Amino acid sequence: MPGIQNTWANRVTDRGMLYFFLLPTFAFLLFLIVFPLVWSLYLSFCNYSANTANPPVFIGVKNYSFLFQQKDVWERFVATGEFVLLAVIFEFILGFGIAMLLNREFYGKRVLTTLFILPMMFSPVVVGKFFRFMLDTNWGIVNYILGALFGIPKIAWTTSYEYAIYSLVITDVWIWTPFIVLLSLAGLSSVPRYLYEAADVDRASGWFKFRYITLPYVAPVLTLALLFRTMDAFRFFDVIYVLTEGGPGYSTQLIPYYIYIYKLAFSYWHTGRSCALAYILLIIVIALSNIYINYLNRVRRA
Amino acid sequence: MNEFQRRKAKNRVIVVVLLVILVVYFFPIYWMFSTATKSKAEAFSFPPKWIWKPQFNNFRDIFFTGTGGALGRVRGIEVESKPSAFARQFTNSIIVSFISTILATFLGALSGYVFSRMTVRGKDDLLFVILSSRMLPPVVVAIPLVIMCRALGLFDTRGGLIIMYTAFNLAFSVWMMISFIDDIPKEYEEVALVDGYSRFQAFFKFVFPEMRVGMAATAIFNLVMTWNEFTFALLLTGENARTAIPGIAQSLGTAGVNWGQIAAGSFLMVIPVVIFTFLLGDNLVRGFTFGAIKE
């Protein structure tokens, strides 16, 4: 046969190819993700500081029991929950609303949609940094506009106990509303048009169409969005780092920041203890994702 | 007005509403650009200046010390003009994100093909492990990774960052590539197999060229993720290998700082992302759901 010679490439078996193609991927994942995970699980049961020469000393579940007794840790979890709830609610209302508006044919739809998607592709650090500039109490543009248009007195967005958490919510909503827009649009475009036409023939109300046609089709996608957003919120670190730096006091030290935190791991060097807290976080994330995935499967089967 | 005209009018109103929302929504980006092109006095003027003469000094100054100081760095008097810390960080960002993107996309394509076409024992479990490695909050592995990097001499090197990013982008790349390869008809390589090619040859000769679009989309996602990454870049680097994003993060955020330069640096980091997002087009949803939703 022309072109096919008995070269080494021709002698590679399917099995050989399988190993050759999978090996690099699994080597990377094993060394850089699985191994660190196991190691940090071990460290979470040890008394250990990474900045000293002393080897880890196994102390059982003491790190965990210590953490559960800390009022501080509970407060951080409550603050994290509060943040997630507020951010996700606003993102869903705004995102789904914009998607409903975008879900029609008009000239320039693609460009407009892509523009709405943009902010979530930006670096959260850049966005957070810039929101800090705009939210500054004295010379920030936000306070200026609020004052000029509505006569609202200056608000200490990033530096007061009252508002710091909202400055994080605002920034997160700005970054992630596009994600809900994107997924809602995908869900909305999957609704067969003839269902609406049939409903029109029956003179169904707008609410009826939304509740019994739109919502069932969009629900699985929105669930997926909720899953991603909630799990992402537990990685919410960069914006805190640039926007409020966890302050004032401890008020915006949400769990991810509290761990990296600097206060536990990279400032005070309670390495073992912070590994334990990281594992508690990991268990929460795994549990959450399982709840959502189960729900998603149920909706899909129905 | 008949039904058709009524709908058309309603559509027009909605598009106008959308444009208004967009203007409000994009205000921060406009303000970033305006701050970057104002002089320092204009940027801090109160009430804010709505009309100003654009100047692009900030975009030049962030790359050189001596002309106005490096981004966020107060260095006293420096007469000699030389590349600033930001110039080095920006170069690092480009090198690290491009190399790790190419690696992750290529390796992901290979594994994606195997998972899409061949029988692998425990396939579902393996794929789940791969996916969860992406879901994992970086906090959980950050501590041991920092210790590992220090022990292996990879701390504060571009190589260390490239390896890290390749690993974290691989999970995503595998899932994305599976979803794309599933779309390529099996007949491509089956015909080649009948002709006497090995599967290995058939893959590179016939399937690989068909994967161009999928690999491009995957690569863009990897590129944007790496370009924007903060946590590992912050924890695994010091002076030498630091990338631009932690560089911007650490420029001090007080009134004394030259926000014009920070805005200029931020703007430079955002521009490529805008271009790439437009290039992605229909593949955005697919990327953000790990290939679960195709449009």
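Criteria and thresholds
- Residues numbered from 1 in each chain as written.
- Chains lettered and ligands numbered in written order.
- Predicted model: local features only at pLDDT ≥ 70, side-chain atom pairs only at ≥ 80, totals over all residues.
- Helix = DSSP H or I, 4+ residues; strand = E, 2+ residues; numbered from the N terminus.
- Rg over C-alpha atoms; globule rule 2.2 N^0.38 Å.
- Buried ≥ 20, exposed ≤ 12 C-beta atoms within 10 Å, placed from the backbone.
- Contact = placed C-beta atoms within 7 Å.
- Arc of directions from axis to C-beta.
- Nonpolar A, V, L, I, M, F, W, Y, C, P; charged D, E, K, R; others polar.
- Axes fitted to C-alpha atoms, helices over the stretch in contact; angles between N-to-C directions.
- Parallel < 35°, antiparallel > 145°, perpendicular 65-115°, else oblique.
- Left-handed = near helix turned anticlockwise from the far one by under 90°.
- pLDDT = per-residue confidence, 0-100.
- Core = buried A, V, L, I, M, F, W, Y, C linked by C-beta atoms within 7 Å.

With that out of the way, let us pick up the overall build of chain B. Within chain B, the secondary structure is distributed over 15 helices and 2 strands. Whereas a compact globule of 295 residues would reach a radius of gyration of roughly 19 Å, chain B reaches 24 Å, over 25% beyond that. Across its three principal directions, the C-alpha atoms of chain B cover 75 × 75 × 35 Å. Counting only residues that meet the buried cut, chain B has 46% of its 295 residues in that class. When contacts within chain B are restricted to residue pairs at least 6 apart in sequence, those whose partners lie at least 24 apart make up 67%.

Glancing now at the overall build of chain A. A count of helical and extended segments in chain A gives 14 helices and 2 strands. In terms of overall size, chain A is more extended than a compact globule, its C-alpha atoms giving a radius of gyration of 25 Å where 302 residues would be expected to give roughly 19 Å. Structurally, chain A occupies a C-alpha span of about 85 × 75 × 40 Å along its principal axes. Residues counted as buried form 39% of the 302 residues belonging to chain A. In chain A, the share of contacts with a sequence separation of at least 24, taken over all contacts with a separation of at least 6, comes to 69%.

Listed in full, the buried residues belonging to helix H2 (residues 27-36) of chain B are B:Pro28, B:Met32, B:Thr35 and B:Ala36. Along the axis of H2(B), the buried positions cluster into a sector of 100 degrees, meaning they face one direction only. Against helix H6 (124-134) and helix H8 (164-188) of chain A together with helix H3 (40-44), helix H4 (57-61) and helix H14 (259-280) of chain B lie the buried residues of H2(B).

Attention now goes to the interface of chain A and chain B. Listed per partner, the contact involves 75 residues of chain A and 73 residues of chain B. For the side of chain A that touches chain B, the element with the highest residue contribution is helix H2 (residues 14-43) of chain A, accounting for 16 residues. Residues that form the side of chain A that touches chain B fall into these classes: 60 nonpolar, 8 polar and 7 charged.

Further remarks concern the packing of helix H4 (residues 71-102) of chain A against helix H1 (residues 3-25) of chain B. The contact between H4(A) and H1(B) brings their axes to 9 Å, and the two run at 140 degrees. By the angle between their axes, H4(A) is oblique relative to H1(B). When the axes of H4(A) and H1(B) are compared, the crossing they make is left-handed. Where H4(A) abuts H1(B), its residues A:Ile98, A:Leu101 and A:Leu102 lie against B:Ile14, B:Val17, B:Leu18 and B:Ile21.

Further remarks concern the confidence of the model for chain B. In this model, chain B carries an average pLDDT of 84, and 91% of its residues clear a pLDDT of 70 or more. Among the prediction metrics, the complex's ipTM stands at 0.86, with pTM recorded as 0.88.

Moving on, we get to the nonpolar core. One recurring pattern in soluble globular proteins: nonpolar side chains tend to sit buried together. One finds A:Leu182, A:Leu183, A:Ile240, A:Ala278, A:Leu281, B:Met164 and B:Ala167 to be the most contacted residues of the largest nonpolar core, which totals 153 residues. Once residues lying within four places of it in the same chain are set aside, the contact partners of A:Ala278 are A:Ser40, A:Ile259, B:Val139 and B:Val140.

Now for the environment of A:Tyr217. All names here are of chain A. Topologically, Tyr217 is positioned in helix H10 (residues 206-233). Taking the C-beta count within 10 Å as the criterion, Tyr217 has 15 such neighbours and is therefore assigned partly exposed. Between the C-alpha atom of Tyr217 and that of Ala186, which follows or precedes it by 31 residues, the distance is 10 Å. Dropping the residues within four chain positions of it, Tyr217 is found in contact with Gly187, Ser190 and Val191.

What follows covers the packing of H4(A) against H10(A). All names here are of chain A. Contact geometry of H4 with H10 gives a least axis separation of 10 Å together with a crossing angle of 145 degrees. In the crossing of H4 with H10, the sense of the turn from one axis to the other is right-handed. Taking contact as the criterion, the partners of Phe83, Val84, Ala87, Val88 and Glu91 in H4 are, on H10, Leu226, Arg229, Thr230 and Ala233. For the contact of H4 with H10, the per-class residue count stands at 6 nonpolar, 1 polar and 2 charged.

If pLDDT is low for a region, its predicted coordinates should not be looked at in detail. Averaged over chain A, the pLDDT score is 84; the fraction of residues at 70 or greater is 92%. Looking over chain A, one finds the lowest element-wise mean pLDDT in helix H13 (residues 263-267) of chain A, namely 56, and the highest in H8(A), namely 91.

Right, let's talk about unusual backbone geometry for a bit. For A:Arg203, which is not a glycine, the phi torsion comes out positive at approximately 55 degrees. Along the chain, A:Arg203 turns up in the loop between helix H9 (193-201) and H10. Even without glycine at this site, B:Asp156 takes up a positive phi of about 60 degrees. On the basis of neighbour count, B:Asp156 is assigned to the partly exposed category, with 16 C-beta atoms found within 10 Å.

Turning next to the environment of A:Gly97. Relative to the assigned elements, A:Gly97 resides in helix H4. For A:Gly97 and A:Ile33, which are 64 residues apart along the polypeptide, the C-alpha to C-alpha distance reads 39 Å.

Glancing now at the environment of A:Ala79. Residue and element names in this part refer to chain A. Following the sequence through the fold, Ala79 ends up in helix H4. For the pair Ala79 and Leu254, spaced 175 residues apart in the sequence, the C-alpha separation amounts to 6.3 Å. Ignoring sequence-local partners within four residues, the contact set of Ala79 consists of Ile165 and Leu254.

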